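What follows is each chain in one-letter form.
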Amino acid sequence: MGNESREDMKMPLLHQSSDVILDGSRSTGDVDQKVTTIIFKIGGVECASCSSSIESVLQKLNGVKSIVVSPVQGQAVVKYVSELVSAKTIKETIEAAGFKVTEFIEQDIAVCRLKIKGMTCTSCSESIESSLLAVEGVKKAVVGLALEEAKLNYDPNVTNATHIIKAVVDAGFGADLIQSENDANKVHIKLQGIISPISAQDMDSIMQSLELLNGVNNVEVDIKQGTVIVCYDPDLTGPRSILSFIQDSCTGSNRYEASLHIPEKQRDTEKPRIKIYRNQLLWSCFFSVPVFIFSMVLPMIPPYGNWLSYKILNMLTVGMVLRFILCTPVQFLIGRRFYVGSYHALKRRSANMDVLVALGTNAAYFYSVYTVIKATLSDKFEGQDFFETSTMLISFILLGKYLESKAKGKTSDALAKLMDLAPDTACLLTVNNEGNIVSETEINTRLIERNDILKIFPGSKFPVDGVVVNGQGYVNEIMITGEATPVAKNVGDRVIGGTVNENGCLLIKATHVGSETALSQIVQIVEASQLARAPVQKLADQISKFFVPAVVVAAVITWLGWFIPGVLGMYPKSWIPKAMDEFELALQFGISVLVVACPCALGLATPTAIMVATGKGASQGVLIKGGNALEKAHKVNTVVFDKTGTLTVGKPEVVSAVLFSRISMEEFCSITIAVEANSEHPIAKAIVKYAKNRLPNHKTQPGALVHDFEVHPGAGVGCKVGPKKVLIGNKRLMRTFNIPISHEVENYFTDNETLARTCVLVAIDDIIVSAVAVTDPVKPEAARVVLCLRSMNIKSIMVTGDNRSTAIAVATEIGIENVFAETDPVGKADKIKELQAKGMIVAMVGDGINDSPALVAANVGIAIGAGTDVAIEAADVVLIKSDLEDVITAIDSSKKTISRIRLNYVWALGYNVLGVPVAAGVLFPFIGVRLPPWLAGACMAASSFSVVCSSLLLQTYKKPFVFSR
């Protein structure tokens with residue numbers, strides 16, 4: 001395997017945003033001077049001279065260590081000493097040179113994810129966001145209600161995860177650290193003392209020893225748990241090496257047993273939370289069901305309920321006392337969570353669901369307590385208590401929370417399945433210097449290191465990404481790519497972690513471990529997209545700010561609207577149910593309004609749908625980076641395609657070769673192999689492959705040595721093969737060296753260009769002896785995709801850097817009418833902007849570095865998964881299996897998701913629009929229909945549950961098969 005292929009295997013399939021840095025070198029700087037890396041997004045950088053201008057002005061600044069400017073990406077990576085120069089000064093210097101800085105991102109920014117506890121609605125997530133952003137050092141914070149997580153970017157020199165968690169707790173919520181930026185390359189080690197217990201001094205000694213180990217970035221110890229957490233650089237060390245180091249460093253009486261410690265999976269922590277909701281619901285029902293029976297059932301079926309009316313003291317009855325005793329634990333113990341939530345919400349001057357529930361249940365409970373006291377003190381008082389309202393209300397809300405938490409757990413099923421694709425164990429081979437297998441050991445997948453040789457049995461999953469070094473077989477990659485057809489794998493082929501070896505025993509070398517594996521990166525992108533907030537959610541966020549206060553006002557107005565006219569006798573006394581008065585009737589209407597209008601469902605409408613859609617898309621080979629991409633994709637009416645590698649396969653093939661002189665085919669092949677073997681150009685490789693196939697037993701002859709090899713950019717190559725002068729290239733190269741081109745050659749050129757083929761001429765000693773026609777085959781599904789887009793009223797356009805005749809020929813074959821050829825990378829982006837200026841919503845589909853400016857400029861950037869890392873990073877959507885039909889899938893799934901979100905809003909707001917007037921008693925004067933508070937609580941719970949179940953229906957999404965293959 002050549003050096004190029006080896007280097008290629010070091011490159012991950014997908015990169016995180018933090019990986020896209022133009023200068024990969026690390027500048028350590030002086031010990032006392034901290035070197036900071038920052039990326040500036042710069043507008044107006046269009047050529048190399050612009051780059052040179054920026055570099056020259058920045059080099060004059062004291063403290064700037066290195067500058068790398070990329071006109072393609074429109075950004076500059078600057079490393080500087082923060083004590084000598086500031087980011088602001090660098091920004092002003094760039095702008096003074098005539099360029100606009102649109103954004104700058106410091107690379108000394110840490111990232112962490114938190115699990116948030118206690119969120120109930122959108123106002124909760126907004127409160128947490130504002131609390132986190134108020135922490136000094138926090139640059140960005142995003143809180144996802146449905147995922148119940150927060151992702152933060154912060155300066156580790158100013159704050160840390162402990163301070164951030166404290167800010168969440170101070171805001172009245174719980175928080176646990178899920179992951180920091182180094183978790184991907186982190187190993188948890190459990191230490192157990194063999195002779196003596198492990199002391200704090202021993203732990204400090206181990207920590208200091210590990211910190212000196214090459215490749216170890218950070219060490220954390222937990223003395224209580226007896227664990228050590230080590231962050232490491234996978235290029236320098238690995239988990240097994242760290243374990244061995246600890247074992248080997250134990251001397252004398254201080255001997256420890258070091259073993260891999262697997263912390264509890266983050267998603268496993270969902271089960272206890274669901275269990276808590278279930279237990280609270282059961283206890284609430286234990287008390288509230290008897291209250292409901294004593295209040296609503298038994299009194300209606302005499303004589304079985306007569307004993308409840310037995311008077312204990314004055315007007316105090318047995319039923320009142322029992323209901324009071326049974327209701328109190330529900331109100332203050334089981335319902336304590338609503339008091340705590342209300343306290344923290346009011347403390348931060350906001351209102352949420354807890355405030356509404358606390359107001360409603362307290363109004364019912366304390367009025368009922370008032371009736372108990374009044375009945376105890378008076379022998380004439382006749383009043384009705386509402387203890388069943390309080391208990392049933394809390395029970396129904398807990399039921400809704402329990403069902404909602406169970407349903408929300410299913411919204412991330414697709415992501416959970418992705419995370420579980422990698423096997424727990426792997427077979428590690430020990431190989432000696434002669435290449436012979438010495439031993440086979442079963443190890444935990446977390447202990448695999450780069451360059452390990454692993455044995456994969458038939459039917460087993462690949463634990464990490466790697467390359468086949470021995471054996472052959474077929475691999476099922478449906479879990480990653482969505483393609484059911486098994487793929488043949490031979491020596492040198494790459495394999496993806498999580499896929500299944502269907503037959504044949506394969507030996508692979510691990511090339512990507514930890515966060516570098518394709519599976520890990522897919523999971524990270526999906527998690528980030530599920531956390532991102534879609535623009536369509538802004539409506540819910542805006543409504544939630546005013547919703548709760550408006551509901552409280554509406555409830556008060558409802559109460560007054562029934563109480564005052566009742567006192568004034570403005571409606572018949574017959575409207576008031578038996579054993580009630582005007583105050584009690586008005587109070588029930590007010591409490592019902594408070595409860596039925598809960599905003600929980602509104603906050604769940606968008607994020608739950610996005611969670612399901614992005615997870616489902618990932619399982620089908622389409623990575624959608626967040627709700628923003630989903631929302632924009634459904635509006636697309638124009639799709640712009642790059643040609644090479646996108647509409648075409650991207651691998652040129654020779655389709656014909658013609659000889660124009662008496663030169664033999666054997667001599668022609670020998671010379672072209674000798675010359676083009678020195679070129680790295682794709683067309684040169686295609687010609688060499690063709691020639692070698694014609695001469696399978698070819699061996700370079702001593703007399704055919706190549707010398708004076710010269711590359712003519714954009715034209716071809718020239719050299720001497722033995723005594724012969726050889727030129728291989730296009731017509732421009734021939735004209736440069738005054739080589740005559742006959743009519744026969746011109747006709748061959750013209751005929752092939754109309755067929756979208758590139759012609760290469762071969763001249764020996766100033767005479768054209770042959771011509772080769774090379775084509776880049778069109779992908780078989782390309783025409784089908786264009787036809788399908790047309791049926792969806794979406795226009796298709798091709799933008800390419802290739803010559804016009806070839807581009808038009810490819811476009812004609814596929815069915816694209818609009819073609820823009822011979823366009824450079826900046827020109828592609830400008831063409832996108834021109835289309836947008838005409839009111840078009842543009843999706844750009846590309847695969848190369850030269851496509852990245854256009855991918856960024858487009859409303860939706862769609863990158864081919866087999867393309868470059870820069871293109872993948874710039875895109876909003878990644879097609880993992882490089883199938884153009886997934887462009888249709890991405891657009892169609894976005895339309896289905898946005899439609900589902902809108903339906904969710906109908907469910908969320910429908911209960912309020914219909915429920916609030918009924919709860920307020922609008923129908924009561926006409927048809928005598930009331931909505932008791934406990935039934936209003938059931939409606940509120942049903943609202944949230946309906947929204948989550950509606951989102952779950954996206955799990956049934958299937959790719960559109962408009963045209964058969």
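Residues numbered from 1 in each chain as written. Predicted model: local features only at pLDDT ≥ 70, side-chain atom pairs only at ≥ 80, totals over all residues. Heavy atoms only, no water.

Q: How should I be thinking about the overall build of the protein chain in this particular structure?
A: Secondary structure summary: the protein chain contains 32 helices and 36 strands in total. Considering the protein chain as a whole, with its 965 residues, one finds that 52% of them fall into the buried category. Expressed as a percentage of contacts within the protein chain between residues at least 6 apart in sequence, the contacts between residues at least 24 apart total 70%. Of the accessible surface of the protein chain, which amounts to about 43,700 Å², a share of 56% is contributed by carbon and sulfur atoms. (Helix = DSSP H or I, 4+ residues; strand = E, 2+ residues; numbered from the N terminus. Buried < 20%, exposed > 50% of the residue type's maximum accessible area, 1.4 Å probe, protein only. Contact = heavy atoms within 4.5 Å. Areas by Shrake-Rupley, 256 points an atom, 1.4 Å probe, with all protein chains shown as cover.)

Q: Can you walk me through the environment of Pro960 in this structure?
A: One can find Pro960 in the segment after helix 32 (933-952). Along the backbone, Pro960 and Thr889 are 71 residues apart, and their C-alpha atoms lie at a distance of 6.7 Å. Look past the residues within four positions of Pro960 in its chain and what remains in contact with it is Ile888, Thr889 and Asp892.

Q: What is the right way to read helix 9 (residues 318-334) from this model?
A: What sets the pattern is the α-helix's 3.6 residues per turn: residues three or four places apart point alike. Compared with the 24 Å implied by 1.5 Å per residue over 17 residues, the 24 Å span of helix 9 between its first and last C-alpha is a close match. Of all the bends in helix 9, the greatest reaches close to 30° and is centred on Cys327; the proline Pro329 follows between one and four positions later. Inspection of helix 9 places Val318, Gly319, Met320, Arg323, Leu326, Cys327, Pro329, Val330, Gln331 and Ile334 among the buried residues, and these make up the whole buried set. (Expected span 1.5 Å × (residues − 1). Bend = angle between axes of the 7 residues up to and from the residue.)

Q: Hey, could you run me through the sheet that holds strand 22 (residues 500-503) in this one?
A: Two modes of strand pairing occur in sheets, parallel and antiparallel, and in both the strands are linked by backbone hydrogen bonds. An order of 20-19-22 is seen for the 3 strands of this open sheet, with the pairing classed as antiparallel. The sheet is open, and its two edges are formed by strand 20 (487-489) and strand 22, each paired on a single side. The average angle at which neighbouring strand axes cross in this sheet is 45°, direction not considered. As defined by bridge partners, strand 19 (residues 473-476) adjoins strand 20 across 3 bridges and the pair is classed as antiparallel. Bridging across to strand 20, Gly473 finds its partner in Lys489. (Pairing = 2+ DSSP bridges. Axes fitted to C-alpha atoms, helices over the stretch in contact; angles between N-to-C directions.)

Q: Can you help me understand the sheet that holds strand 18 (residues 465-470) in this one?
A: If you walk across this open sheet you meet the 6 strands as 16-15-17-23-18-21, and the pairing is antiparallel. Of all the strands in the sheet, just strand 16 (437-444) and strand 21 (494-495) have a single pairing partner and so form its edges. Inspection of the sheet shows strand 15 (residues 425-431) paired to strand 16 by 7 bridges, in the antiparallel sense. Residue pairing for strand 16: Leu428 is matched across the bridge by Thr441.

Q: Help me understand the side chain of Asn501 in this model?
A: Following the sequence through the fold, Asn501 ends up in strand 22. Setting aside chain neighbours within four positions, we find Asn501 in contact with Ile456, Phe457, Pro458, Gly459, Ser460, Phe462, Tyr474, Val475 and Leu506.

Q: Can you walk me through the packing of helix 21 (residues 665-676) against helix 22 (residues 682-694) in this structure?
A: Two measures define how a pair of helices packs: the angle their axes make with one another and the distance between the axes. The contact between helix 21 and helix 22 brings their axes to 9 Å, and the two run at 140°. If you check the angle between helix 21 and helix 22, you find them oblique. Between helix 21 and helix 22 lies a crossing of left-handed hand. Residues Met665, Cys669, Thr672, Ile673 and Glu676 of helix 21 pack against Ala684, Ile687, Val688, Ala691, Lys692 and Arg694 of helix 22. Grouping the constituent residues of the contact of helix 21 with helix 22 by class yields 7 nonpolar, 1 polar and 3 charged. (Parallel < 35°, antiparallel > 145°, perpendicular 65-115°, else oblique. Left-handed = near helix turned anticlockwise from the far one by under 90°. Nonpolar A, V, L, I, M, F, W, Y, C, P; charged D, E, K, R; others polar.)

Q: Would you take a moment to explain the pairing of strand 35 (residues 860-864) for this structure?
A: By the criterion of burial, strand 35 is predominantly enclosed, with 5 of the 5 residues buried. Both strand 34 (residues 842-846) and strand 35 contribute to a ladder of 4 bridges, which runs parallel. Across the sheet, Gly846 pairs through a bridge with Ala863, a residue of strand 35. Note that strand 35 and strand 36 (residues 877-879) share 3 bridges and pair parallel. Of the residues in strand 36, the one forming a bridge with Ile864 is Leu879.

Q: Can you walk me through the side chain of His512 in this structure?
A: Mapped onto the secondary structure, His512 falls in strand 23 (residues 506-512). When its relative accessible area of 1% is taken as the criterion, His512 is described as buried. A distance of 3.0 Å separates the side chain of His512 from the side chain of Thr511, its partner in a polar contact. (Polar contact = N/O pair within 3.5 Å; in protein donor to acceptor, adjacent residues only side chain to side chain.)

Q: Would you mind going over the pattern of salt bridges with me for this structure?
A: Side-chain pairs of opposite charge can arise where the charged atoms are in close proximity. Within the structure shown, the criterion is met by 16 salt bridges. The shortest N-O distance in the salt bridge between Glu95 and Lys91 comes to 3.2 Å. In this pair, Glu95 and Lys91 both sit in helix 3 (residues 87-96), 4 residues apart, roughly one turn of the helix. Overall, the relative accessible area of 33% leaves Glu95 in the partly exposed class. Here Asp766 ties to Lys725 by a salt bridge, and the two come within 3.7 Å at their closest N and O atoms. In this pair, Asp766 is assigned in the loop between strand 30 (758-764) and strand 31 (767-775) and Lys725 in strand 29 (residues 724-729), connecting sequence segments 41 residues apart. Taken together, the salt bridges that share partners define one network made up of Lys731, Arg735 and Glu746. (Salt bridge = Lys/Arg side-chain N within 4 Å of Asp/Glu carboxyl O.)

Q: Can you walk me through the confidence of the model for the protein chain in this structure?
A: Should pLDDT be low for a region, the predicted coordinates there are not to be read in detail. When the pLDDT values of the protein chain are averaged, the result is 78; 82% of them are 70 or greater. Looking over the protein chain, one finds the lowest element-wise mean pLDDT in helix 1 (residues 3-9), namely 40, and the highest in strand 25 (residues 638-641), namely 93. (pLDDT = per-residue confidence, 0-100.)

Q: What is the right way to look at unusual backbone geometry in this model?
A: For residues besides glycine, phi is generally negative; the peptide bonds are generally trans as well. Residue Asn451 is not a glycine yet carries a positive backbone phi of 75°. Residues other than glycine seldom take positive phi values, yet Asp765 does so here, at roughly 55°. Among the secondary structure elements, Asp765 is positioned in the loop between strand 30 and strand 31.

Q: Help me understand helix 3, please; the structure alone is not making it clear to me.
A: Looking only at helix 3, the buried set comprises Ala87, Ile90, Thr93 and Ile94. The buried residues of helix 3 occupy an angular sector of 125° when the element is viewed end-on, so they sit on one face. Relative to its buried face, helix 3 has exposed residues pointing more than 90 degrees away, namely Lys88 and Ala96. Just downstream of helix 3 lies Gly98, where phi reads positive at about 100°. (Arc of directions from axis to C-beta.)

Q: Could you clarify how one ought to interpret the packing of helix 17 (residues 582-596) against helix 30 (residues 885-919) in this entry?
A: Between helix 17 and helix 30, whose axes approach to 8 Å, the crossing angle comes to 170°. One finds that helix 17 runs roughly antiparallel with respect to helix 30. Between helix 17 and helix 30 lies a crossing of left-handed hand. Residues Phe589, Ser592, Val593 and Val596 of helix 17 pack against Asn912, Gly915, Val916 and Ala919 of helix 30. In the contact of helix 17 with helix 30, the residues fall into 5 nonpolar, 3 polar and no charged.

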